[in-house]
Amino acid sequence: MLVLVSYDVSTINKPGQRRLARIAKTCLNYGQRVQNSVFECLVDSAQWTTFRAELLRLYKPEEDSLRFYFLGSNWERKVEHHGAKDTPNLESGTLII
């Protein structure tokens, strides 16, 4: 399934800056960055369970926000891209991190 993950992390202090880096690194472990704080993640249900738990452990709900958009397995018809950045091929095989 394709899950779109977006986040907003408060970076007004050093702990927030570290949280931002950790959340971004975790997202990179599961998907492709398509905007500064937006990732497209092609995961199975077991990967999603682990990924979601990692993100929820890292963020501070009183300062940060996480949003998950579930596009499912038929996501190709639900995503339309325009602009300068190439659309990553999420099903091309191995994701190199």
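Cut-off values and rules
- Residues numbered from 1 in each chain as written.
- Predicted model: local features only at pLDDT ≥ 70, side-chain atom pairs only at ≥ 80, totals over all residues.
- Heavy atoms only, no water.
- Salt bridge = Lys/Arg side-chain N within 4 Å of Asp/Glu carboxyl O.
- Buried < 20%, exposed > 50% of the residue type's maximum accessible area, 1.4 Å probe, protein only.
- Core = buried A, V, L, I, M, F, W, Y, C linked by side-chain atoms within 4.5 Å.
- Helix = DSSP H or I, 4+ residues; strand = E, 2+ residues; numbered from the N terminus.
- Contact = heavy atoms within 4.5 Å.
- UniProt positions renumbered as here; feature names shortened; annotations may be inferred.
- Expected span 1.5 Å × (residues − 1).
- Arc of directions from axis to C-beta.
- Polar contact = N/O pair within 3.5 Å; in protein donor to acceptor, adjacent residues only side chain to side chain.
- Phe/Tyr/Trp six-rings, centres within 6.5 Å; stacked < 30°, edge-to-face > 60°.

Asks: Would you mind going over the pattern of salt bridges with me for this structure?
Replies: A pair can form between side chains of opposite charge whenever their charged atoms are brought close. Counting across every chain of the model gives four salt bridges. Between E63 and K60 there is a salt bridge, with its nearest N and O atoms 3.4 Å apart. Of the residues examined, K60 reaches a relative accessible area of 31% and is grouped as partly exposed. One continuous salt-bridge network, built from bridges that share partners, spans R19, K60, E62, E63 and D64.

Asks: Whenever I open this one, the nonpolar core confuses me. Can you help?
Replies: It is characteristic of soluble globular proteins that their nonpolar side chains tend to be buried jointly. The biggest cluster of nonpolar side chains holds 17 residues, and the ones touching the most others in it are V5, Y7, I23, C27, C41, F51 and L55. Mapped by element, the contributors of at least two residues to this core are β1 (2-8), α1 (14-30), β3 (38-42) and α2 (45-58). Not counting residues up to four positions away in its chain, the partners in contact with C41 are M1, L2, V3, V5, C27, Y30, G31 and F51.

Asks: Looking at this structure, I do not really get the UniProt feature "binding site: Mg(2+)" (unreviewed entry) in the protein. What am I missing?
Replies: In the UniProt entry, the feature "binding site: Mg(2+)" (unreviewed entry) is given for D8. Examined against the element boundaries, D8 turns out to sit in strand β1.

Asks: Sorry, what's going on with α1 here?
Replies: Along an α-helix, a turn takes 3.6 residues, which lines up residues three or four apart on a common side. Between its terminal C-alpha atoms α1 stretches 25 Å, which fits the 24 Å expected from 17 residues at 1.5 Å a residue. Residues of α1 that are buried include every one of G16, R19, I23, A24, T26, C27 and Y30, and no others. All buried residues of α1 fall inside an arc of 160 degrees around its axis, so they share one side. Residues of α1 that are exposed and point over 90 degrees away from its buried face: K14 and K25. Regarding α1, its N-cap is N13, as a side-chain oxygen of that residue lies 2.8 Å from the backbone nitrogen of G16 further along.

Asks: Quick question: what am I supposed to make of the packing of aromatic side chains here?
Replies: Aromatic ring pairs are defined here through the distance separating the ring centres and the angle between the ring planes. Applying the stated criterion to the full structure yields five aromatic pairs. Arranged with centres 6.2 Å apart and planes meeting at 20 degrees, the rings of Y7 and F39 form a pair that is stacked. A residue pair is termed long-range when its members are at least 10 positions apart, and Y7 in strand β1 and F39 in strand β3 qualify at 32 residues. In terms of burial, Y7 and F39 fall into one category: buried. Counting every residue linked through ring pairs, the aromatic cluster contains Y30, W48, F51, F68 and F70.

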